Amino acid sequence: MSDHYVKVKVQLEQMKSSGEGVEKEEADMIEDEVLVASPPASVSPIPASCTPAAQREPPKTTVTCRNQSKSRSKLGKDEKNTGTKQDSVPALQGTIVASNANSGKPVNRKDNEQQTLQIKGTGKMLQGKTETNGNAVPIHLPEDIKVGPHNKEDANKVAKRRKPVTVDTFKAKTSLEALKLSIRQLKWKEFPVGRRSACDIYWHGVSFHDNDNIISGQVNKFPGMIEMLRKINLTRAVRTMQELFPEEYNFYPRSWILPEEYQLFSTQISLAKDGDVSQKPTFIIKPDGGSQGDGIYLIRDPGDLRVIAGSHTKQSVVQEYIHKPLLIDKLKFDIRLYVLVKSLEPLEIYIAKEGLSRFCTEPYQEPSQKNLSHVFMHLTNYSLNVQSGNFVHSDSLSSGSKRTFSSVLYRLASKGVDIKKVWSDIISLVIKTIIALVPELKVYYQADIPPGKPGPTCFQILGFDILLMKNLKPVLLEVNANPSMRIEHEQEVSPGVFEYVPSPVDEEVKVGVIRDTLRLMDPHQQEELLGSPVRGAGEEGRVLPSMCLKQVFPKYTKQFSYLRTVERITALFLRFLGVKGNMRLGPTGFRTFIRNCKLSNSHFSMATVDILYIDVTRRWASMLPGSREAGMGLQAFVEAFFYLAQRRFKSLPLREQVVSLLEVCEAQLENQGRGDPGGALPEDSTSSTRRSVSYHLRRLDGI
Ligand code: ADP
């Protein structure tokens, strides 16, 4: 064992033994970090936390450096100057592991033995872990799942009796390969072309609506998730939270929505520059709904915006460019983390202990007018960098242009970085982001699957893209509703001939995520042995790797539940929306809300309420030109609610104003629940009220 490894191990051990009380929860995170920060491939190529990729057949070709640069020229004309020659990234090249047919297999087994078990008919092996003292560690599920009182014999009997879980994979698209492997490992039953009778789980490649005829079971997509994660909507959702909790949501770069906020953007930048002439900020423009770096470019002056210069004003987000990212081997990289939203109500979130780190292929320099167009320097997208001649495909999990996140953490730990803090900051970023998304997702959910009607339940794996700043602060770049679950990559096997070959690092991470998501969604789980090591229908019982998904919510509810204010506003919205499948509140619904919550009085008449409704709804309609449904959406309702709160509780800060108004509303509605007739006045929309609307509209122009 090298000195360097011993040092890191000691640091990890120290992390393990800290904390009590509130810190106890932190200490739980620490344990997970120990798993995350597993040694690099040369010590143990399989992070203790995750999946058995290393037992796959070795890939056909082991190391590839593509020389050709299939240019997609995302950042424009200068791409030829981006230094795509292989010798420009010597550090990376030096890390390629010399390989042979066995290179993907664990080495140095003395310290970290692997127990393997052949899975019938698959040629694959499943694995258990052996501790350094040589004793077998019983395979354990996460601490959140309690094992029932049954003994192993009972468990085997139950397993034999039970029918295998059925999974419809017909719509799985590019996830299919990883999904098939997972189903095989679990000994569940796959229905590749669908099934006449209902399946337990439906795996969709794109959206909830890939198949609209599902009335039972579970679907791996939430309605509305794609819409919510478009760049503009994500920005809006985070921004609402920033208004209430500016400190807590400062992990998202300052952003403006184009074209509607162009003037604001321009003015704010000019003012900032006037105030400090040394300021030369850079901005990144991202088209709404874009992916894989498509259409992204950098600017240093608002006047350089192409959306404004061109004939089309394309919807996009312009964002402060993080110009001091953390570098490894002089390269910028980002982190792809997989997050499972297991349920919205109650909110349940899991984070995969293992993720991917995706590296740029040209050494990083702070943005200057000269290098703004260098995609391989500024953008970490795999789809772009794979086209650079410098991209390194590696069989090792800890080298190359795509590596495991644990190998990066391990490397940082060896340099003295407090990876415990990094990991817990990341967990907190993930939970806060999901808390920002949940309100609108609940509206979509109720519209598509109204309570009381037959329908499936939903879960979803999301891909979080996170950048670490030089000071180690994590920054959210975006969240993907459909993160790539491909476990193979394209490779030139002979000149001009490309083939898909297995990608060890992708398989290592992604199969574990899918398999453990399935394990958590196992419909038998509720009925039987939660978390028993013996699962599935195998006669001999089987051993699966320990879970690579860690529950973070409700586990850390205490620290984060105070952030769920907008969800409480959403509960009011949904209550007055009713369950007819629509997502917009009509004027009548809004008036009923005001009446039932007793928010109108002699200073705030129902006529003024109507004006507020019209004003806010109109403004949002102009911001969301594509929306078909008329009426007040959740975001508009939240804005109106903030306005009402500010009006009523003038002297307080916004957060307290909003919470105070929520308390008023909730108390009123609770009274009605107990039979107070005063709150449930019938809706009255008299013509005289309507007439007065236009008059007040002029008066209240500035709402
Ligand atoms: P896409 O969906 O097209 O991949 P992203 O928002 O993920 O769009 O941005 C693409 C890449 O651009 C990221 O992977 C990251 O490398 C870089 N990037 C995005 N936003 C920023 C930012 N604010 N600061 C620095 N780099 C960024």
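Residues numbered from 1 in each chain as written. Predicted model: local features only at pLDDT ≥ 70, side-chain atom pairs only at ≥ 80, totals over all residues. Heavy atoms only, no water.

Draft legend 1. Structural detail: the overall build of the protein chain. A tally of helices and strands in the protein chain yields 21 helices and 23 strands. Counting over 703 residues, the protein chain shows a buried share of 55%. Within the protein chain, contacts between residues at least 6 apart in sequence are counted, and of these 72% link residues at least 24 apart. If you sum the accessible surface of the protein chain, you get close to 30600 Å²; carbon and sulfur atoms cover 52% of it. (Helix = DSSP H or I, 4+ residues; strand = E, 2+ residues; numbered from the N terminus. Buried < 20%, exposed > 50% of the residue type's maximum accessible area, 1.4 Å probe, protein only. Contact = heavy atoms within 4.5 Å. Areas by Shrake-Rupley, 256 points an atom, 1.4 Å probe, with all protein chains shown as cover.)

Draft legend 2. The sheet that holds strand 6 (residues 201-202), seen in detail. Overall, parallel pairing links the 5 strands, which are arranged 5-4-6-7-18 in an open sheet. Each having just a single partner strand, strand 5 (189-191) and strand 18 (457-458) make up the two edges of the open sheet. (Pairing = 2+ DSSP bridges.)

Draft legend 3. Representation of the site of the ligand in the model. The ligand sits among 24 residues. The nearest are K286, G293, T380, N381 and E478. E320 places a main-chain nitrogen or oxygen 3.0 Å from a nitrogen atom of the ligand. Between N381 and the ligand, the recorded distance is 2.7 Å, taken from a side-chain N or O atom to an oxygen atom. Protein contact buries 99% of the 540 Å² of open area that the ligand shows by itself. Of all the secondary-structure elements, those providing two or more residues to the shell around the ligand are strand 9 (283-287), strand 11 (316-320), strand 13 (331-343), strand 19 (460-468) and strand 20 (474-480). (Near = heavy atom within 4 Å. Polar contact = N/O pair within 3.5 Å; in protein donor to acceptor, adjacent residues only side chain to side chain.)

Draft legend 4. Helix 14 (residues 504-521), seen in detail. Relative to the 26 Å expected for 18 residues at 1.5 Å per residue, helix 14 spans 26 Å between its end C-alpha atoms, a close match to the ideal helical length. Across the 18 residues of helix 14, 18 count as buried, placing the element largely inside the fold. (Expected span 1.5 Å × (residues − 1).)

Draft legend 5. Structural context of the packing of helix 19 (residues 634-648) against helix 20 (residues 654-673). In the contact formed by helix 19 and helix 20, the axes pass within 8 Å of each other and the chain directions differ by 95 degrees. By the angle between their axes, helix 19 is roughly perpendicular relative to helix 20. On the side of helix 19, the interface is formed by F641, F642, L644, A645, Q646 and R648, while helix 20 contributes L654, Q657, V658, L661, L662, V664 and C665. Per-class residue counts for the contact of helix 19 with helix 20 are 10 nonpolar, 2 polar and 1 charged. (Axes fitted to C-alpha atoms, helices over the stretch in contact; angles between N-to-C directions. Parallel < 35°, antiparallel > 145°, perpendicular 65-115°, else oblique. Nonpolar A, V, L, I, M, F, W, Y, C, P; charged D, E, K, R; others polar.)

Draft legend 6. Inspection of the packing of aromatic side chains at higher detail. Following the criterion strictly, the structure yields 18 aromatic pairs and no others. Taking 5.4 Å as the distance between ring centres and 40 degrees as the angle between the ring planes, the aromatic pair formed by Y249 and F251 counts as tilted. You can call Y249 buried: its relative accessible area is 0%. Relative accessible area serves as the criterion here: at 5%, F251 is assigned to the buried category. An aromatic cluster is present here, built from F573, F576, F590, F593, Y613, F637 and F641 joined pairwise through their rings. Stacked on the ring of Y382, the Lys or Arg K402 has its end atom at 4.0 Å from the ring centre. Between R403 and the ring centre of F359, over which it is positioned, the NZ or CZ distance is 4.0 Å. (Phe/Tyr/Trp six-rings, centres within 6.5 Å; stacked < 30°, edge-to-face > 60°. Lys NZ or Arg CZ within 6 Å of the ring centre and 35° of its normal.)

Draft legend 7. Here's a closer look at the sheet that holds strand 10 (residues 297-299). Read from one edge of the open sheet, 4 strands run 8-11-9-10, paired in antiparallel fashion. Among the strands making up the open sheet, the edge pair consists of strand 8 (255-258) and strand 10. For this sheet the average axis-to-axis angle between neighbouring strands, irrespective of direction, equals 25 degrees. Bridge count between strand 8 and strand 11: 4 bridges; the pairing is antiparallel. When the sheet's bridge partners are listed, L258 is paired in strand 11 with S316.

Draft legend 8. Seen up close, the nonpolar core. Counting 109 residues, the largest nonpolar core has I434, F464, F590 and F593 as its most contacted members. Looking at which element gives the most residues to this core, the answer is helix 13 (residues 419-448), with 17 residues. Ignoring anything within four residues of it in the chain, the contact list for I434 reads V339, V341, L347, I349, L462 and F464. Core analysis: the next-biggest nonpolar cluster, separate from the first, contains 32 residues, L179, L518, M521 and M547 among them. (Core = buried A, V, L, I, M, F, W, Y, C linked by side-chain atoms within 4.5 Å.)

Draft legend 9. Focus on unusual backbone geometry. Of the consecutive residues L258 and P259, the connecting peptide bond is found in the cis state with omega at 5 degrees. Inspection of the secondary structure assignment puts P259 in the loop between strand 8 and helix 8 (262-275). In this structure, P554 follows F553 across a cis peptide bond, with omega equal to 15 degrees. Looking at the element boundaries, P554 is found in the loop between strand 23 (549-553) and helix 15 (557-560). Not every positive phi belongs to a glycine, and D329 is a case in point at roughly 50 degrees. Positionally, D329 belongs in the loop between strand 12 (327-328) and strand 13. Look at K330: it is not a glycine, yet its phi comes out positive at around 70 degrees. With respect to the helices and strands, K330 occurs in the loop between strand 12 and strand 13. Of the residues examined, K330 reaches a relative accessible area of 63% and is grouped as exposed.

Draft legend 10. Representation of the environment of D522 in the model. Relative to the helices and strands, D522 is located in the loop between helix 14 and strand 23. The buried category is assigned to D522, whose relative accessible area is 3%. Spatially, the C-alpha atoms of D522 and D200 are 8.4 Å apart, while their sequence positions differ by 322 residues. A distance of 2.8 Å separates a polar atom in the side chain of D522 from the backbone nitrogen of H524.

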